[in-house]
Amino acid sequence: MAYEVNGKSFESDEEGYLIDIGSWNEELADLIAKDEEIDMTDEHWEVVNFLREYYNEYQIAPAVRVLVKAVKKKLGADKGSNKYLYELFPYGPAKQACKIAGLPKPTGCV
Amino acid sequence: MAETEIEFDTAGITKKFMYVNRKAPYGTIYALEVLEAVLISAAFEQHACIVFIDDGVYQIKKGQNTDAVNMKNFSKTYGIIAMEKEDADEDEDMDMVWRIIVEKESMEARGLTADDFVIDVEVIASTELAAIMAEQEIVISG
């Protein structure tokens, strides 16, 4: 599989996760989000950018429990809940948001 | 939008786990597998002693460069353990005790000090470590 953005091709695995993390850009994120039926808002970007920062620091994507806790710490208590994250990413916050962020599929599977 | 809050029920049995890391970080899969297991035990809010013995002390040594062995440098991932420990220590509602321990003899035999590690550790002599090990309910070594 591959994504096409501005005539450039970005290879992904069979589930749509980007192969080369380094090739990620925001237009590509928008396209992946469209495939996931998500309209990217500032709130979505907050989570996606957080995931990229987290991955950059720790070299793995966070488990969903860690994501909830970390979002609470960083973005405030009202956003640090499963409900909030599932509203943004209905098919699983870690799974969908990681895909949009261009990260590998998290092991925690939601 | 879903009206019901999705809850993850993590309340349940809590046991004392010890993870004994004894091997160098690369060349075998042991270090990475144990690290994964430690992160899973965090998800279930279990007690954990993460111990580094023998060449295992190299797993958390600063300044790793894995370009030549073509493996991901996962030494940064140990930062999550440090963060989990911090959370466990700070959060009064959370019944989770974590310790990160380096065996003194192994560290000194390799000319290392506590400052050489990517995370803060307790340096403990092997005799004392044996006593801590005896208190555990589950010991997993790799």
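Everything that follows concerns the structure shown earlier in this document.
These lines cover the structure that appears in this document, whether it is placed above or below.

Regarding the sheet that holds strand β1 (residues 16-21) of chain B
Residues and elements named next belong to chain B.
Then, in step 1: One open sheet holds the five strands; their spatial order is β4-β3-β2-β1-β5, and the pairing between them is parallel. Unpaired on one side and paired on the other, β4 (122-124) and β5 (138-141) mark the two borders of the sheet. Each adjacent strand pair in this sheet contributes to an overall mean axis angle of 25 degrees, direction not counted.
Then, in step 2: With three bridges joining them, strand β3 (residues 98-103) and β4 adopt parallel strand pairing. Looking at the pairing, V102 lines up with V123 of β4.
Then, in step 3: Contacts between helix α2 (residues 78-90) and the sheet are confined to β2 (47-52) and β3, with β3 contributing the most and set at about 135 degrees to the helix.
Then, in step 4: Along the sheet face, helix α4 (residues 126-134) touches β1, β2, β3, β4 and β5 and points at about 145 degrees away from the line of β3.

Notes on the nonpolar core
Then, in step 1: Judged by nonpolar contacts, the single largest core of 55 residues is most densely connected at L51, A97 and A101 of chain A together with Y19, V38, I50 and V51 of chain B.
Then, in step 2: With six residues, helix α1 (residues 30-43) of chain B is the largest single contributor of residues to this core.
Then, in step 3: Beyond its immediate chain neighbours, meaning those up to four positions away, V51 of chain B contacts M18, Y19, V20, N21, I101, E103 and L129 of chain B.

Rules of the game
Residues numbered from 1 in each chain as written. Chains lettered and ligands numbered in written order. Predicted model: local features only at pLDDT ≥ 70, side-chain atom pairs only at ≥ 80, totals over all residues. Pairing = 2+ DSSP bridges. Helix = DSSP H or I, 4+ residues; strand = E, 2+ residues; numbered from the N terminus. Axes fitted to C-alpha atoms, helices over the stretch in contact; angles between N-to-C directions. Contact = placed C-beta atoms within 7 Å. Core = buried A, V, L, I, M, F, W, Y, C linked by C-beta atoms within 7 Å. Buried ≥ 20, exposed ≤ 12 C-beta atoms within 10 Å, placed from the backbone.

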